[in-house]
Amino acid sequence: LRKRALSIQGHMGAVVRMIEEDAYCIDIITQTQAIQKALEKLNALLLERHLDGCITTAIRGNKPKERERVIKELLHVFETTAKL
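Because the structure is a prediction, the values reported are computed rather than measured.

A look at the packing of helix H2 (residues 25–60) against helix H3 (residues 64–83)
Two quantities define a packed helix pair, namely the angle between the helix axes and the distance between the axes. Where H2 contacts H3, the axes come no closer than 8 Å and their chain directions differ by 155°. As the angle between them shows, H2 and H3 are arranged roughly antiparallel. Note that H2 runs across H3; the crossing there is left-handed. In contact with Leu47, His50, Leu51, Ile55, Ala58 and Ile59 of H2, H3 contributes Glu66, Arg67, Val70, Ile71, Glu73, Leu74 and Phe78.

Set out below in structure tokens:
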């Protein structure tokens, strides 16, 4: 995950330089679209990690409030994503 995040950070730096150098707009958009896809992949990996760890532990546990909390948390993430 760290390596992927650092890669995204590097690409953002390139976009900043492109803007500063007044690069062709379509080239900048192409780069930002690639960054968006990379962020989506990072989010998917983070969600997978969260589901495999925290969510699974809470669902299998014997604390109903914790189960409810993690389910609400997931719903909130998906609701927020749907609004985008």
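This is not the end of the story, as more comes after the structure.
Section: the pattern of salt bridges
A full pass over the atoms with the stated rule returns two salt bridges. Here Arg69 and Glu66 are joined by a salt bridge, their closest N and O atoms 2.8 Å apart. With Arg69 and Glu66 both in helix H3 and three residues apart, the pair spans about one turn of that helix. As a salt-bridge pair, Arg69 and Glu73 come within 3.2 Å of each other at their nearest N and O atoms. Taken together, the residues span about one helical turn, with Arg69 and Glu73 both in helix H3 at a distance of four residues. The exposure class assigned to Glu73 is partly exposed, which follows from its relative accessible area of 31%.

A short note on the environment of Gln33
Mapped onto the secondary structure, Gln33 falls in helix H2. In the structure, Gln33 is positioned eleven residues away from Asp22 in sequence and 18 Å away in space, judged by C-alpha atoms.

Brief notes about a nonpolar patch on the surface
A cluster of nonpolar side chains, Tyr24, Ile26 and Ile29, forms an exposed patch at the surface whose accessible area comes to about 320 Å². Looking at where Ile26 falls in the secondary structure, it is placed in helix H2. Judged by relative accessible area, Ile26 falls into the partly exposed class, the value being 46%.

Thresholds applied
- Residues numbered from 1 in each chain as written.
- Predicted model: local features only at pLDDT ≥ 70, side-chain atom pairs only at ≥ 80, totals over all residues.
- Heavy atoms only, no water.
- Axes fitted to C-alpha atoms, helices over the stretch in contact; angles between N-to-C directions.
- Helix = DSSP H or I, 4+ residues; strand = E, 2+ residues; numbered from the N terminus.
- Parallel < 35°, antiparallel > 145°, perpendicular 65-115°, else oblique.
- Left-handed = near helix turned anticlockwise from the far one by under 90°.
- Contact = heavy atoms within 4.5 Å.
- Salt bridge = Lys/Arg side-chain N within 4 Å of Asp/Glu carboxyl O.
- Buried < 20%, exposed > 50% of the residue type's maximum accessible area, 1.4 Å probe, protein only.
- Patch = residues over 30% accessible without salt bridge, like charges linked within 9 Å, V, L, I, M, F, W, Y side chains within 5 Å.
- Areas by Shrake-Rupley, 256 points an atom, 1.4 Å probe, with all protein chains shown as cover.

These results come straight from atomic positions and should not be treated as a statement about function.
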